[in-house]
Amino acid sequence: MKEPTLGNPKNTIEILQKYQFSFQKKYGQNFLIDTHVLEKIISSAQITEEDVVLEIGPGIGTMTQYLACAAKKVIAVEIDRSLIPILEDTLGEYKNVRIINEDVLKLDLAKLALEENEGRPIKVVANLPYYITTPIIMGLFEKHVPLESITVMIQKEVADRMQVGPGTKDYGALSLAVQYYAIPYIVANVPPNCFMPRPAVSSAVIRLTKRKEPAVLVEDESLMFRLIRASFNQRRKTLVNGLKNSAELDFSKEEIQNAVETLGKGVNVRGEMLSLEEFATLANYLKRHKE
């Protein structure tokens, strides 16, 4: 198979000029121009020739070339129609790549995985647009797409939030949701000069290895996540007040106080002090005492 030709500034500029491509701010386009970072992503994603890989936002096909050399098949989903002719050019010699011009948030990814990999887990690798990082990652988990891992380039601040624990300023609903479904590991920090154009923020590559079973046992997953969202929507309030004020929940103040007291942390505790296990305990208590 043809060796990757993209991944350096010279070849990237040539392709962009050939097609007179202009960056679309609304799509958050920042193309990778560092071969070392690309190789690091491929190796940390542990891609083998048995793997079917979903790449979200392939851009001009830089990382797609590297993935195609390592994987059995690559499904590249690109929203920007103006990039499709470029992808057909840069990926023309890679016969194991399928290009889909679609918004990934509107695709039935579970169905796609079933069709492309007979329902076996796929690996997701992407240089994600920062403005839709959370909806994409949570969509993959919540829609129960058969996954082995997600290895993505995202904003460093968001990557940090995904792996922190209770009591830290970055801890929030995203930390809990990611850690419920996966084991997060920051592979590398990536400075702005590795991209074209340069983003205004630092980036990081994070690998989320999907858990075989969720991290905690909870009777009502949806209720637990409603509790989590409510407790972080008003961080300055106590947990009791945050839950009481939520439009997503239907519990009296007394029911909430009784539930919070079972945690043994006092009724004035804030949501940011609770672990995932404690949110599961809270959800299980409220579910049982509401029935």
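About the criteria used
Residues numbered from 1 in each chain as written. Predicted model: local features only at pLDDT ≥ 70, side-chain atom pairs only at ≥ 80, totals over all residues. Heavy atoms only, no water. Buried < 20%, exposed > 50% of the residue type's maximum accessible area, 1.4 Å probe, protein only. Helix = DSSP H or I, 4+ residues; strand = E, 2+ residues; numbered from the N terminus. Phe/Tyr/Trp six-rings, centres within 6.5 Å; stacked < 30°, edge-to-face > 60°. Pairing = 2+ DSSP bridges. Axes fitted to C-alpha atoms, helices over the stretch in contact; angles between N-to-C directions. Contact = heavy atoms within 4.5 Å. Parallel < 35°, antiparallel > 145°, perpendicular 65-115°, else oblique. Left-handed = near helix turned anticlockwise from the far one by under 90°. Nonpolar A, V, L, I, M, F, W, Y, C, P; charged D, E, K, R; others polar. Arc of directions from axis to C-beta.

**Q** A description of helix α6 (residues 133-142) should follow, citing residues and the corresponding values.
**A** For α6, a buried count of seven out of ten residues is recorded, marking the element as mostly surrounded by other parts of the structure. Directly after α6, the chain includes His144, whose backbone phi takes a positive value near 55°.

**Q** Explain the packing of aromatic side chains residue by residue, including any values.
**A** Applying the stated rule across the entire model yields seven aromatic pairs. Between Phe141 and Tyr181 the ring centres are 5.1 Å apart and the planes differ by 10°, which places this aromatic pair in the stacked class. Taken together, the residues Phe141 in helix α6 and Tyr181 in helix α8 (residues 173-181) connect sequence positions 40 residues apart. Since its relative accessible area comes to 4%, Tyr181 is described here as buried. Centre to centre, the rings of Tyr180 and Tyr181 are 4.9 Å apart; their planes meet at 80°, and the pair counts as edge-to-face. Each member of the pair, Tyr180 as well as Tyr181, is classed as buried.

**Q** Requested: an account of the sheet that holds strand β5 (residues 122-127), with residues and values cited.
**A** The strand order across the open sheet formed by seven strands is β4-β3-β2-β5-β6-β9-β7, and the pairing between neighbours is mixed. Two strands lie at the open edges of the sheet, namely β4 (97-101) and β7 (182-190), each paired on one side alone. Neighbouring strand axes in the sheet, compared pairwise and without regard to direction, differ in orientation by 20° on average. Judged from the four bridges that link them, strand β2 (residues 52-56) and β5 form a sheet pairing that is parallel. Across the sheet, residue Val53 finds its bridge partner in β5, namely Lys123. Relative to strand β6 (residues 147-155), helix α7 (residues 156-163) is tilted by about 135°, and along the sheet it contacts β6, β7 and β9 (203-210).

**Q** Lay out the packing of helix α2 (residues 35-44) against helix α3 (residues 62-70) with the relevant residues and their values.
**A** Contact geometry for α2 and α3: axes closest at 10 Å, N-to-C directions at 45°. One element, α2, and the other, α3, form an angle in the oblique class. In the packing of α2 onto α3, the handedness of the crossing is right-handed. Residues Thr35, Leu38, Glu39, Ile41 and Ile42 of α2 form the contact with α3, whose own contacting residues are Thr62, Met63, Tyr66, Leu67 and Ala70. Grouping the constituent residues of the contact of α2 with α3 by class yields seven nonpolar, two polar and one charged.

**Q** A description of the packing of α7 against α8 should follow, citing residues and the corresponding values.
**A** Orientation of α7 relative to α8, taken along the N-to-C sense of each, is 60°, at an axis distance of 7 Å. Between α7 and α8 lies a crossing whose hand is right-handed. In contact with Val158, Arg161, Met162 and Gln163 of α7, α8 contributes Leu174, Ser175, Val178 and Gln179. For the contact of α7 with α8, the residue count by class is four nonpolar, three polar and one charged.

**Q** Give me helix α1 (residues 9-18): which residues, what numbers.
**A** The set of residues buried in α1 consists of Asn11, Thr12, Ile15 and Leu16. One side of α1 holds all its buried residues, which, seen down the axis, span an arc of 135°. Residues of α1 that are exposed and point over 90 degrees away from its buried face: Lys10, Gln17 and Lys18. Each element contacted by the buried residues of α1 is listed here: β1 (31-32), α4 (84-90) and β8 (195-196). Downstream of α1 by one or two residues, Gln20 has phi in the positive range, about 50°.

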